[in-house]
Amino acid sequence: MKEPKEVDGIFQADNPMPEWWKLVWLLTIIFSIFYVIYFHYFSQWGQEVSYQLEVQAHEEKYGKQEKMVVLSEDGSNPFRDKEESIAEGQKNFQTFCAACHKADGTGLVGPNLMDEEWLHGDTDALVFENIMKGITGDRLKTGKGPMPPHENSLGAEKVYQIMAWIAKSNATLKKGQ
Ligand code: HEC
């Protein structure tokens with residue numbers, strides 16, 4: 001054992017660390033090596049694998065998510081000219097839009113959607129935006145109140161179906177942007 005010394009008034013014995021302490025230190029190093037190997041090559045704790053497992057568990061419980069709506073190449077409504085979508089769209093138009101736009105879409109409080117006049121845009125992309133986000137504030141043109149948003153109540157797929165129905169009867173609703 002070395003001579004004890006005093007530095008800045010602090011007594012310093014300079015004893016070596018006890019054997020048991022060194023042993024614990026060595027064990028943590030050995031543990032960490034095995035842990036790293038186990039974690040990366042054998043466990044399911046990595047974020048990629050555990051994410052997959054969580055998704056799998058979710059799908060088992062709630063079923064697979066419906067496919068997202070994939071736009072046509074030019075950005076136009078993917079449901080144009082699809083009979084099934086048009087029928088579904090007409091049904092939802094009656095429930096969600098007819099109160100303001102009339103059952104045949106020719107307008108009440110909301111403007112006529114079956115004529116050639118479009119106040120806020122006449123393309124799939126613009127009309128989609130108008131229905132999803134609604135029309136409020138400075139954008140209003142008719143002075144008959146706002147157009148409510150439908151992105152939460154309907155969502156993209158149903159809105160495109162409704163637009164497919166409108167497009168069927170109104171050729172002035174253009175494809176694309
Ligand atoms: C509470 C009444 C109301 C409901 C419900 C409603 N709208 Fe509207 N909508 C309006 C009003 C009012 C306007 C015109 C806003 C303005 O003054 O510019 C409008 C405008 C629009 C426009 C723009 C028309 C243009 O000329 O550019 C579209 C498209 C439209 N609505 C579609 C729909 C669809 C589809 C639904 C159902 C999902 C719907 N609306 C539900 C009141 C409504």
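Structural data are supplied above this passage.
Residues numbered from 1 in each chain as written. Predicted model: local features only at pLDDT ≥ 70, side-chain atom pairs only at ≥ 80, totals over all residues. Heavy atoms only, no water.

**Describing the packing of aromatic side chains**
Aromatic ring pairs are described here by two measures, namely the spacing of the ring centres and the angle between the planes. Selection rule: Note on ring pairs: Phe, Tyr and Trp rings are taken, using the six-membered ring of Trp, and paired if centres are within 6.5 Å. Classes follow the plane angle, with under 30 degrees stacked, over 60 edge-to-face and the rest tilted. Runs of H or I in DSSP of at least four residues are treated as helices and runs of E of at least two as strands, each being numbered from the N terminus. Think of it in three bands: residues with accessible area under 20% of the maximum for their type are buried, residues over 50% are exposed, and the middle band is partly exposed, with areas taken using a 1.4 Å probe on protein chains only.
Going through the model one piece at a time under the given rule, you end up with 7 aromatic pairs. Here phenylalanine 93 and tryptophan 165 contribute two aromatic rings whose centre-to-centre distance is 4.7 Å and whose plane-to-plane angle is 45 degrees, an arrangement assigned as tilted. Of the two residues, phenylalanine 93 sits in helix 3 (residues 83–96) while tryptophan 165 sits in helix 6 (residues 156–169), which places them 72 residues apart along the sequence. Side by side, phenylalanine 93 and tryptophan 165 carry an identical accessibility label, which is buried. Members of the aromatic cluster, connected to one another through ring pairs, are Phe31, Tyr35, Tyr38, Phe39, Phe42 and Trp45.

**Re the site of the ligand**
What counts here: In these notes, residues near a molecule or strand are those with any non-hydrogen atom within 4 Å of it. Contacts described as polar in this section are N or O atom pairs within 3.5 Å, which, within protein, must combine one atom able to donate a hydrogen with one able to accept it, while residues neighboring in sequence count only if both atoms come from side chains. Two kinds of site are reported from a 1 Å grid over the protein atoms alone, namely cavities, where a 1.4 Å probe fits but cannot get out, and pockets, open sets with protein on both sides within 12 Å along at least five of seven lines, and residues are called lining when an atom falls within 4 Å of a point. More than half of a molecule's atoms within 2 Å of the grid points is what it takes for that molecule to sit in a cavity or pocket.
In the vicinity of the ligand, 24 residues are found, and the nearest of them are Cys97, Cys100, His101, His120 and Met147. Taking histidine 120, its side chain carries an N or O atom lying 2.6 Å from an oxygen atom of the ligand. Between the ligand and threonine 142, the relevant distance is 2.6 Å, taken from an oxygen atom to a side-chain nitrogen or oxygen of the residue. Judged by the fraction of its atoms near the pocket grid, the ligand is located in the largest pocket. Within the residue set of the shell around the ligand, elements represented by two or more residues are helix 4 (98–101) and helix 5 (124–133).

**A word on the coordination of the iron atom of the ligand**
Our working definition: Any N, O or S atom lying within 2.8 Å of the metal counts as a donor, with the limit raised to 3.2 Å for Na, K and Ca; because water is left out of the atom set, some sites can appear incomplete. Sites are called tetrahedral only when four donors show all angles between 85 and 135 degrees, square planar or octahedral only when four or six donors show opposite pairs over 155 degrees and all other angles between 65 and 115, and irregular in any remaining case.
Protein coordination at the iron atom of the ligand: the donors are His101 (NE2) and Met147 (SD), at 2.0 Å from the metal. Taken together, the 6 donor atoms surrounding the iron atom of the ligand define angles of 86 to 179 degrees at the centre, an arrangement classified as octahedral. Of this pair, histidine 101 sits in helix 4 while methionine 147 is found in the loop between helix 5 and helix 6, placing the two residues 46 residues apart along the sequence. Methionine 147 carries the same exposure label as histidine 101, and that label is buried.

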